[in-house]
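Below, each chain spelled out in residue letters.
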Amino acid sequence: MTKTALITGATSGIGKATAYEFAKHGINLILCGRRSERLESIKKDLDSLTKVYTLCFDVRDKTQVEKAINSLPNDFKTIDILINNAGNAHGLDPIQTGNLDDWDAMMDINVKGLLYVSKAIIPQMTKRQAGHIINIGSSAGKEVYPKGNVYCASKHAVLAITEGMRIDLNPFGIKVGSVNPGLVETEFSQVRFKGDKIADTVYKGFKALQAEDIADIIYFVISRPYHVNIADLLVFPTAQANSTTLKKE
Ligand code: NDP
Ligand code: 8X3
């Protein structure tokens, strides 16, 4: 039977690449993000491959999240796969000079936003006793690096929430896991450095992971047989050994 996947943060980077990968395999898509023009243009691209519905909302706003999910038409109401991907780093500062608005953004989007979206979708999964949730964490959820403080905290929280979900949803036969990448060349650093040209240097001098590499892995994770649940996957570019060890040319 054709499955339906909801992807948050589908307007860019990993989420967008995942939408294209899933579409190739005929998975119906609910694509979410705040930039509606991008959502519409991706939908236009993928309409010939699969059924696509777009939802424009900010994951920080729990009312918007609930309203958006409740507004899904019948054809898209049953969500088999949830990819909790929306998120970003905001700033890279030592804790003593960190910016409160950046801290709020990271905790509100990466942690609370993920919870709000999950809360709106999990009840239908428990009711059907079926579903698969993949949370996009990070290598930053497994180790803390200098000036990473709050971003790393938000991604450590994503891993804790993933484990908690897997335990609580175990009686319902729902698969839960995380995919945790190292450096992926997306708009991530543009957002982190707020358009500063330093962002252009982050992926220079080595071959970073590409969004398509992660999309490929996410498809692998969701296409395993029912009894196989990839619970926690860490992936680096070959040039990267951990958050602080990077072989540059
Ligand atoms: P991008 O900046 O390219 O994409 C981020 C996506 O998140 C966009 O589609 C954006 O959509 C969405 N988003 C951000 N804020 C909100 C919000 N408030 N409400 C709704 N959607 C939002 O970055 P990546 O693709 O790299 O990041 C995707 C995920 O991967 C994040 O969780 C990130 O932490 C994680 N990750 C990234 C790594 C990297 O090196 N790039 C490595 C490890 C993990 P829009 O602006 O349209 O709302
Ligand atoms: C993104 C990877 O190392 O920039 O989560 O934090 S890193």
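That block above? That's the structure.
The present account deals with the structure reproduced in this document. Computed from a predicted structure; not experimentally measured.

**A short note on the site of ligand 2**
Every residue near ligand 2 is listed here: Ser 138, Ala 140, Tyr 145, Tyr 151, Gly 182, Phe 188 and Arg 192. The side chain of Ser 138 places a nitrogen or oxygen atom 2.6 Å from an oxygen atom of ligand 2. Within the complex, the protein chains bury 88% of what would otherwise be the 240 Å² of accessible surface of ligand 2. Each residue belonging to the shell around ligand 2 can be placed in one class, and the counts come to four nonpolar, two polar and one charged.

**A look at the environment of Gly 173**
Relative to the helices and strands, Gly 173 resides in the loop between helix H6 (149-168) and strand E6 (175-181). Sequence separation between Gly 173 and Arg 128 is 45 residues, and the spatial gap between their C-alpha atoms is 9.6 Å. Apart from the residues within four sequence positions on either side, Gly 173 is in contact with Gly 131 and Tyr 226.

**Section: the pattern of salt bridges**
Under the defined criterion, the tally for this structure stands at nine salt bridges. Linking Asp 75 and Lys 51 is a salt bridge whose minimum nitrogen-to-oxygen distance equals 3.4 Å. Residue Asp 75 is found in helix H4 (residues 74-77), and its partner Lys 51 is found in the loop between helix H2 (36-46) and strand E3 (52-56); the two are separated by 24 residues along the sequence. Look at Asp 75 and you get exposed, because its relative accessible area is 52%. Accessibility expressed as a relative area gives 39% for Lys 51, which makes it partly exposed. One salt bridge in this structure joins Lys 142 and Asp 232, with 2.8 Å as the shortest N-O distance. Separated by 90 residues along the polypeptide, Lys 142 in the loop between strand E5 (132-136) and H6 and Asp 232 in strand E9 (residues 232-235) bring together distant segments of the chain. Given the relative accessible area of 35%, Lys 142 is considered partly exposed.

Criteria and thresholds
- Residues numbered from 1 in each chain as written.
- Chains lettered and ligands numbered in written order.
- Predicted model: local features only at pLDDT ≥ 70, side-chain atom pairs only at ≥ 80, totals over all residues.
- Heavy atoms only, no water.
- Near = heavy atom within 4 Å.
- Polar contact = N/O pair within 3.5 Å; in protein donor to acceptor, adjacent residues only side chain to side chain.
- Areas by Shrake-Rupley, 256 points an atom, 1.4 Å probe, with all protein chains shown as cover.
- Nonpolar A, V, L, I, M, F, W, Y, C, P; charged D, E, K, R; others polar.
- Helix = DSSP H or I, 4+ residues; strand = E, 2+ residues; numbered from the N terminus.
- Contact = heavy atoms within 4.5 Å.
- Salt bridge = Lys/Arg side-chain N within 4 Å of Asp/Glu carboxyl O.
- Buried < 20%, exposed > 50% of the residue type's maximum accessible area, 1.4 Å probe, protein only.

Treat this as a map of the structure, not an account of what it does.
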